[in-house]
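Given next are the chains, with one letter for each unit.
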Amino acid sequence: MADSLVSVLVPAYSEERFIEEVPLRITEAPFRKEIIVVDDGSADDTPTILRRLQEELPDLRVLARGVNRGKGAAVRDAISRSRGDIVIIQDADLEYDPRDLPRLVQPILEGRADVVYGSRLRGGEPQRAHLFWHYAGNRFLSLLTNVLYNTTISDMEVGYKAFRGDLIRSLRLVSDDFRFEPEVTAKVLRRGVRLYEVPISYYGRTFDEGKKITWRDGTKAITALVRFRFTPR
């Protein structure tokens with residue numbers, strides 16, 4: 001995979017504060033790339049910024065959706081348009097640093113992994129102190145994943161995930177919202193893939209700073225983990 005194309009997928013909803021910086025940082029990554037940003041019905045200046053960036057950055061494609069349908073729907077749309085040998089999901093809020101992208105793709109490039117998850121919970125990289133209940137919820141969801149799927153993932157809910165392109169495009173994904181994370185985890189684990197984790201930096205936000213995921217999404221993740229464990233592949 002020496003000259004592999006990496007597709008970096010960026011779902012974005014009303015992220016005018018960071019949406020310009022994210023693609024610019026991704027372009028600095030030392031590999032051949034396409035950047036697919038899905039504007040998921042943003043209600044701020046995100047669409048205007050993206051239209052300008054698309055004219056300036058040859059690697060950038062923007063998919064505009066008129067209505068907000070959720071992260072899962074945006075990512076599924078981007079996956080279907082991707083061409084990369086490797087596909088990475090990058091959130092638009094810079095909680096995850098694009099400088100970690102090479103670390104995320106390396107195990108796949110070396111032929112050792114089919115899927116790589118970043119981990120905010122294995123240490124070794126800069127970490128903003130987590131909101132306690134988010135931290136506890138992530139720990140519980142990872143434990144539940146490990147029990148249901150006989151694995152040892154430390155951070156199932158992490159938004160930084162990399163996949164072999166042919167693998168992620170072969171999955172039948174249906175979740176429109178944050179249930180995308182447990183669904184894609186369940187479906188790759190049921191395939192018996194080689195899944196690795198690498199430590200990543202984490203610059204988490206508070207709700208006042210724009211964080212969108214809540215405890216309600218945690219309860220939905222529990223039901224999704226159980227549902228996708230026992231439904232047909």
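The structure under discussion appears in the preceding block.
The model shown is predicted, which means the values in this text are computed figures rather than measured ones.

Asks: Got a sec to walk through a nonpolar patch on the surface? Specific residues and values, please.
Replies: On the surface, Phe140, Ile222, Val226 and Phe230 cluster together into a nonpolar patch covering about 370 Å² of accessible area. Sort the elements by how many residues they give to the nonpolar patch and helix H8 (residues 215-230) lands first, with three residues. Tracing the backbone shows Phe230 in helix H8. Classification of Phe230 as exposed rests on a relative accessible area of 59%.

Asks: How would you sum up unusual backbone geometry? Please name residues and give values.
Replies: Positive phi is not limited to glycine here, since Ser14 has a value of about 50 degrees. In this fold, Ser14 is placed in the loop between strand E1 (5-12) and helix H1 (21-27). According to the relative accessible area criterion, Ser14 is partly exposed, its value standing at 24%. Phi is positive for Asn150, which is not a glycine, with a value near 55 degrees. For Asn150, the position within the fold is in the loop between helix H5 (132-149) and strand E6 (161-164). Judged by its relative accessible area of 73%, Asn150 falls in the exposed class.

Asks: Explain the side chain of Arg65 residue by residue, including any values.
Replies: Positionally, Arg65 belongs in strand E3 (residues 60-65). Of the polar contacts made by the side chain of Arg65, one reaches the side chain of Asp77; its length is 3.0 Å.

Asks: Quick one: what's the story with the pattern of salt bridges, residue by residue and with numbers?
Replies: A side chain of one charge can pair with a side chain of the opposite charge when the charged atoms of the two come close. One pass over the full model with this rule turns up 25 salt bridges. Of the charged contacts in the structure, one is a salt bridge between Asp77 and Arg65, with a shortest N-O distance of 3.0 Å. Of this pair, Asp77 sits in helix H3 (residues 71-81) while Arg65 sits in strand E3; the two residues are 12 residues apart in sequence, bridging distant segments of the chain. Note on accessibility: Asp77 and Arg65 belong to one class, buried. Where Asp77 meets Arg81, a salt bridge forms, and the shortest distance between an N and an O atom there is 3.5 Å. Within this pair, Asp77 and its partner Arg81 are both found in helix H3, separated by four residues, close to a single helical turn. If you follow the salt bridges from partner to partner, you end up with Glu21, Arg25, Asp97 and Arg99 in one network.

Asks: Help me get a handle on the packing of aromatic side chains, residues and values and all.
Replies: The tally for this structure, following the rule as stated, stands at two aromatic pairs. Pairing Tyr96 with Tyr160 gives two aromatic rings, centres 5.3 Å apart and planes at 35 degrees, and the pair type is tilted. One end of the pair, Tyr96, is in the loop between strand E4 (86-89) and helix H4 (101-109); the other, Tyr160, is in the loop between H5 and E6, and 64 residues separate them in sequence. Centroid distance Tyr96 to Tyr202: 5.8 Å. Interplanar angle 45 degrees. Geometry classified as tilted. Taken together, the residues span a long stretch of sequence, with Tyr96 in the loop between E4 and H4 and Tyr202 in the loop between strand E7 (195-199) and H8 at a distance of 106 residues. Considered together, Tyr96 and Tyr202 belong to a single accessibility category, that of buried residues. Three or more aromatic residues link up through ring pairs in this structure, and these residues are Tyr96, Tyr160 and Tyr202. In this structure, Arg120 packs its charged tip against the face of Tyr202, placed 5.1 Å from the ring centre.

Reading guide: rules and limits
Residues numbered from 1 in each chain as written. Predicted model: local features only at pLDDT ≥ 70, side-chain atom pairs only at ≥ 80, totals over all residues. Heavy atoms only, no water. Patch = residues over 30% accessible without salt bridge, like charges linked within 9 Å, V, L, I, M, F, W, Y side chains within 5 Å. Areas by Shrake-Rupley, 256 points an atom, 1.4 Å probe, with all protein chains shown as cover. Salt bridge = Lys/Arg side-chain N within 4 Å of Asp/Glu carboxyl O. Helix = DSSP H or I, 4+ residues; strand = E, 2+ residues; numbered from the N terminus. Buried < 20%, exposed > 50% of the residue type's maximum accessible area, 1.4 Å probe, protein only. Polar contact = N/O pair within 3.5 Å; in protein donor to acceptor, adjacent residues only side chain to side chain. Phe/Tyr/Trp six-rings, centres within 6.5 Å; stacked < 30°, edge-to-face > 60°. Lys NZ or Arg CZ within 6 Å of the ring centre and 35° of its normal.

In short, shape yes, function no, at least from these values alone.
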